[in-house]
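Examination of the molecular architecture
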Amino acid sequence: MSAKNVALLAGGYTGEYEVSINSAKNIAANLDPEKYKVYTILVDRNRWLHETATGSVDVDKNDFSITLDGKKIKFDFAFITIHGTPGEDGKMQGYLDMLGVPYNTCDATTSAISMNKAYTKALVQGIHGLHTAKSIKLFKNDVHDVATIAATLKFPLFIKPNNGGSSVGMSKVYNAAALPAALEKAFHEDDQILIEEFIQGREFSIGIARLNGKVTVLPATEIISSKDFFDYEAKYTPGVTNEVTPADLTSEQNQLVASIVKDVYSRLNCRGMVRIDFIIQEGTGDFYFIEVNTTPGQSANSLIPQQVRAMGMQLSDFYGLLIEGAL
């Protein structure tokens, strides 16, 4: 059987461009070359292109193809690893759906909803064992009354872009005086922002994927950061954060976490692999939902690859099962 043509979509329109490129490099290195012929497609606002040894080739968006040496190559599958728009918010998924090209992520609707942190929190409300931090959402054109925010929520607070990723534009503030600068920073990234009360506790991240037709929960990772919170620097600077995989959780905690994340996966109608971030609150042991990431990072040291290795699986097998499960 001939190898399938796989378009590995990377880049995007946000500050996570380079993170996406690193994810793509690791995925390409771990896809079985006997089964998949991989073509990395770099996506930005101006061009979609594939780089060759002799130059760049533009993607024909009419049928999602490229032409190399006079031969038209159409893709059997799209592996989306764009963090942020247009690969994480449903835009690319809608385009591929219209062309009938299968892909590895959640569908357009789920991707769009889960990209919006406030909408996602509203949808997962009511899942047994799941808690969410008290929060308010603001729009850029609203009047932002610092006194009202301070009276409504308890400090410390997290201010974050409602549709952002990799903690870009995110701040933790301890008093009302720090709010204006934090609001400005978040609104620089998005027209909507979320302000949440800080939950004291241990922070974790856990992958979940449908493999061989079965929803499979990966081993959890505990995030232990030397910084005040897990921001962009903590995520991508070596040595700033200690990531423990598998996390030191009791069997009862692992069972509870697995049950909750499976319910989240089902409630949001997820497909492929997603990563769910959460906090186990100090003192109560309660599970507090942070967010769901439908195109989680895939660089060699990213959390999902760590978790796949921890469960004794090869990344090449994991990615292969994601592709075959979507075809």
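Figured I'd write up the structure that's included with this text. Fair warning: this is a prediction, and the values are worked out from it, not measured in the lab. Per chain, residue numbering runs from 1 following the sequence as it is written. Local features in a predicted model are, by the rule used here, given only for residues with pLDDT of at least 70; side-chain atom pairs are given and counted only at 80 or more, and totals for whole chains, interfaces and linings are based on all residues. Hydrogens and waters are ignored; side-chain quantities use all the structure's heavy atoms.

Two strands are counted as paired when DSSP detects at least two bridges linking them. Strands here are runs of E lasting at least two residues and helices are runs of H or I lasting at least four, both read from the DSSP assignment and numbered beginning at the N terminus. Read from one edge to the other, the open sheet built from five strands follows the order β4-β3-β2-β1-β7, with strand pairing classed as mixed. The open sheet has two edge strands, β4 (55-58) and β7 (77-80), and neither has a second partner. The mean inter-strand angle of the sheet, taken between neighbouring strand axes irrespective of direction, is 35 degrees. Pairing between strand β3 (residues 48-52) and β4: four bridges, direction antiparallel. By the bridge assignment, Glu-51 is partnered in β4 with Ser-56. Residues are treated as being in contact if the distance between any of their heavy atoms lies within 4.5 Å. Axis geometry follows a simple rule: fit a line to the C-alpha atoms, using only the stretch in contact for helices, then measure angles between N-to-C directions, giving values from 0 to 180 degrees. The strands that helix α1 (residues 17-29) touches are β1 (4-11), β2 (36-43) and β7; relative to β1, the one it contacts most, it runs at about 155 degrees. Packed onto the sheet, helix α2 (residues 91-99) meets β1, β2, β3 and β7 and runs at close to 180 degrees relative to β7.

On to the side chain of Lys-117, then. Secondary-structure assignment places Lys-117 in helix α4 (residues 117-124). Look at Lys-117 and you get buried, because its relative accessible area is 8%. Among the polar contacts made by the side chain of Lys-117, one reaches the main-chain carbonyl oxygen of Pro-161 at a distance of 3.1 Å. Classification of residues uses two cut-offs on accessible area relative to the type maximum, computed with a 1.4 Å probe and protein chains only: under 20% is buried, over 50% is exposed, and between them is partly exposed. Polar contacts, as counted here, are pairs of nitrogen or oxygen atoms within 3.5 Å of one another; within protein the pair requires one atom able to donate a hydrogen and one able to accept it, and residues that are adjacent in sequence qualify only if both atoms are side-chain atoms.

Below, the discussion takes up the packing of helix α3 (residues 108-115) against α4. Running from N to C, α3 and α4 cross one another at 105 degrees; their axes reach a closest spacing of 5 Å. One element, α3, and the other, α4, form an angle in the roughly perpendicular class. Contacts between α3 and α4 involve Ile-113, Ser-114 and Met-115 from the former and Lys-117, Tyr-119, Thr-120 and Leu-123 from the latter. Classes in brief: Ala, Val, Leu, Ile, Met, Phe, Trp, Tyr, Cys and Pro nonpolar; Asp, Glu, Lys and Arg charged; the others, Gly included, polar. The residue makeup of the contact of α3 with α4, split by class, is four nonpolar, two polar and one charged. Note that the term roughly parallel is reserved for angles under 35 degrees, roughly antiparallel for angles over 145, roughly perpendicular for angles of 65 to 115, and oblique for everything else.

This part takes up the sheet that holds strand β11 (residues 171-173). Read from one edge to the other, the open sheet built from four strands follows the order β9-β12-β10-β11, with strand pairing classed as antiparallel. Of all the strands in the sheet, just β9 (135-139) and β11 have a single pairing partner and so form its edges. Taken over all neighbouring pairs, the strand axes of this sheet differ in orientation by 20 degrees on average, direction set aside. Direction of pairing for β9 relative to strand β12 (residues 192-197): antiparallel, over a ladder of five bridges. The residue bridging Ser-135 from the neighbouring strand is Glu-196, located in β12. The sheet strands contacting α4 are β9, β10 (157-161) and β12, and the helix crosses β12 at an angle near 55 degrees. The sheet strands contacting helix α6 (residues 179-187) are β9, β10, β11 and β12, and the helix crosses β10 at an angle near 25 degrees.

Moving on, we come to α1. In a helix, the anticipated span is given by 1.5 Å times the number of residues less one. With 13 residues, α1 extends 19 Å between its outermost C-alpha atoms, agreeing within 8% with the 18 Å of an ideal straight helix rising 1.5 Å per residue. Those residues of α1 that fall on the buried side of the exposure criterion are Val-19, Ser-20, Ile-21, Ser-23, Ala-24, Asn-26 and Ile-27.

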